[in-house]
Amino acid sequence: MSAVVSTEGVGFRYGGVPVLSGVTLGVEAGSMLAVTGPNGSGKSTLLHLLAGVESPTEGRVRRAGGARLSLLPQRTSDIDALPLTVAECVRIGRFRPLRRLGRADRLAADTMLDRLGLADLAGRRLRELSGGQRQRTLLAQALVQDAEVYVLDEPTAALDAASRQRVHELLAERRAAGAAMVLASHDAAESALADELLTLG
Ligand SMILES: Nc1ncnc2c1ncn2[C@@H]1O[C@H](COP(=O)(O)OP(=O)(O)O)[C@@H](O)[C@H]1O
Ligand SMILES: [Mg+2]
């Protein structure tokens with residue numbers, strides 16, 4: 001089977017400073033890659049390259065034609081400046097150009113709010129949430145998207161054990177439905193959920 005997202009000899013430099021070099025990987029439909037490594041080893045940078053947020057300074061990143069990608073970035077403080085409620089933030093995950101949200105989209109968003117224990121917080125603004133509540137909201141926005149590839153940067157780092165378990169169930173469902181998953185994680189138990197491990201640094 002061919003990879004939904006792959007890299008070939010990818011390298012990246014910030015200014016002149018090399019962060020990644022010679023990274024070759026491929027993630028197939030229905031499989032999960034965990035990217036581990038110490039702080040500063042380039043996990044977030046690699047995920048940004050896979051998502052097309054940054055372009056590699058060497059090598060290539062490829063995505064199967066038409067494959068939609070959902071990214072949960074690690075650094076997300078800019079979004080707090082927007083006056084969005086939790087429910088609005090999650091519904092944004094269903095937006096597509098030139099298409100109104102329909103019943104199925106609202107249902108998907110409501111289901112995701114429930115699944116991540118956010119239903120009671122639906123009307124709150126993002127900046128009124130605890131760190132874990134905010135992280136669950138951003139995860140809900142990422143996971144409610146209908147994508148072929150999910151790229152999640154330390155998705156459960158701020159979460160308690162129960163929330164982490166709910167997230168892992170959602171990841172397993174997306175994967176069983178055929179999505180390709182890439183997640184950066186410090187957590188050995190979380191990395192063990194993956195089919196493949198890439199250790200940086
Ligand atoms: N915007 C940036 N400009 C310059 N250096 C950066 C920038 N972002 C990250 N770096 C550096 O690149 C390296 C890798 O960072 P990052 O990909 O965030 O690592 P990780 O996610 O593994 O902690 C670090 O040394 C970091 O300081
Ligand atoms: Mg990081």
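For the structure given in this document, a descriptive report is provided here. Bear in mind that the values here come from a model prediction, so they are computed numbers and not experimental data. (Residues numbered from 1 in each chain as written. Chains lettered and ligands numbered in written order. Predicted model: local features only at pLDDT ≥ 70, side-chain atom pairs only at ≥ 80, totals over all residues. Heavy atoms only, no water.)

### Notes on the sheet that holds strand β5 (residues 69-72)
Taken together, five strands build an open sheet; the order of strands is β5-β6-β7-β3-β8 and the sheet is parallel. Since the sheet does not close on itself, it has two edges, and those belong to β5 and β8 (196-199), each with one partner. Neighbouring strand axes in the sheet, compared pairwise and without regard to direction, differ in orientation by 15 degrees on average. Relative to strand β6 (residues 149-153), β5 is paired through four bridges, and the arrangement is parallel. Looking at β6, one finds that L72 is bridged to L152. Packed on one face of the sheet, helix α4 (residues 131-143) meets β5 and β6 and runs near 170 degrees to β5. (Pairing = 2+ DSSP bridges. Helix = DSSP H or I, 4+ residues; strand = E, 2+ residues; numbered from the N terminus. Axes fitted to C-alpha atoms, helices over the stretch in contact; angles between N-to-C directions. Contact = heavy atoms within 4.5 Å.)

### What about the site of ligand 1?
The environment of ligand 1 is made up of Y14, V19, P38, N39, G40, S41, G42, K43, S44 and T45. Between ligand 1 and Y14 there is a distance of 3.4 Å, counted from a nitrogen atom to a side-chain nitrogen or oxygen. The separation between an oxygen atom of ligand 1 and a polar main-chain atom of S41 is 3.2 Å. Look at ligand 1: alone it shows 560 Å² of surface, and the protein chains cover 58% of it. The element best represented in the shell around ligand 1 is helix α1 (residues 43-51), accounting for three residues. When its residues are assigned to classes, the shell around ligand 1 shows three nonpolar, six polar and one charged. (Near = heavy atom within 4 Å. Polar contact = N/O pair within 3.5 Å; in protein donor to acceptor, adjacent residues only side chain to side chain. Areas by Shrake-Rupley, 256 points an atom, 1.4 Å probe, with all protein chains shown as cover. Nonpolar A, V, L, I, M, F, W, Y, C, P; charged D, E, K, R; others polar.)

### With respect to the packing of α4 against helix α5 (residues 161-176)
It is the contact of α4 with α5, at a shortest axis distance of 12 Å, that shows an interaxial angle of 5 degrees. On the basis of their axis angle, the class for α4 and α5 is roughly parallel. Residues R136, L139 and L143 of α4 form the contact with α5, whose own contacting residues are S163, V167, L170, L171 and R174. Grouping the constituent residues of the contact of α4 with α5 by class yields five nonpolar, one polar and two charged. (Parallel < 35°, antiparallel > 145°, perpendicular 65-115°, else oblique.)

### Considering the environment of D114
Assignment of secondary structure puts D114 in helix α3 (residues 103-115). Sequence separation between D114 and L197 is 83 residues, and the spatial gap between their C-alpha atoms is 31 Å. With near-sequence residues (within four places) excluded, D114 lies in contact with A119 and R166.

### Concerning the coordination of the magnesium ion (ligand 2)
Geometry reference: four tetrahedral donors at a metal, ideal angle 109.5 degrees. Six octahedral donors, ideal angles 90 or 180 degrees. In this structure, S44 (OG) and Q74 (OE1) serve as the protein donors to the magnesium ion (ligand 2), at separations of 2.1 Å. Taken together, the positions of S44 in helix α1 and Q74 in the loop between β5 and α2 (86-92) put the pair 30 residues apart, joining distant regions of the chain. (Donors = N, O, S within 2.8 Å, 3.2 Å for Na, K, Ca; no water.)

### A word on the nonpolar core
Grouped burial of nonpolar side chains is what soluble globular proteins tend to show. Counting residues in each nonpolar core, the largest one holds 35 residues, and the members touching the most others are M112, L116, L143, L152 and L171. Mapped by element, the contributors of at least two residues to this core are β3 (32-36), α2, α3, α4, β6, α5 and β7 (180-184). No other element matches the five residues that α4 contributes to this core. Those residues in contact with M112 that lie beyond four places of it in its chain are V90, A140, L143, V144, L170 and R174. One finds F12, L20, V35 and L50 within the second-largest nonpolar core, a separate group that totals 24 residues. (Core = buried A, V, L, I, M, F, W, Y, C linked by side-chain atoms within 4.5 Å. Buried < 20%, exposed > 50% of the residue type's maximum accessible area, 1.4 Å probe, protein only.)

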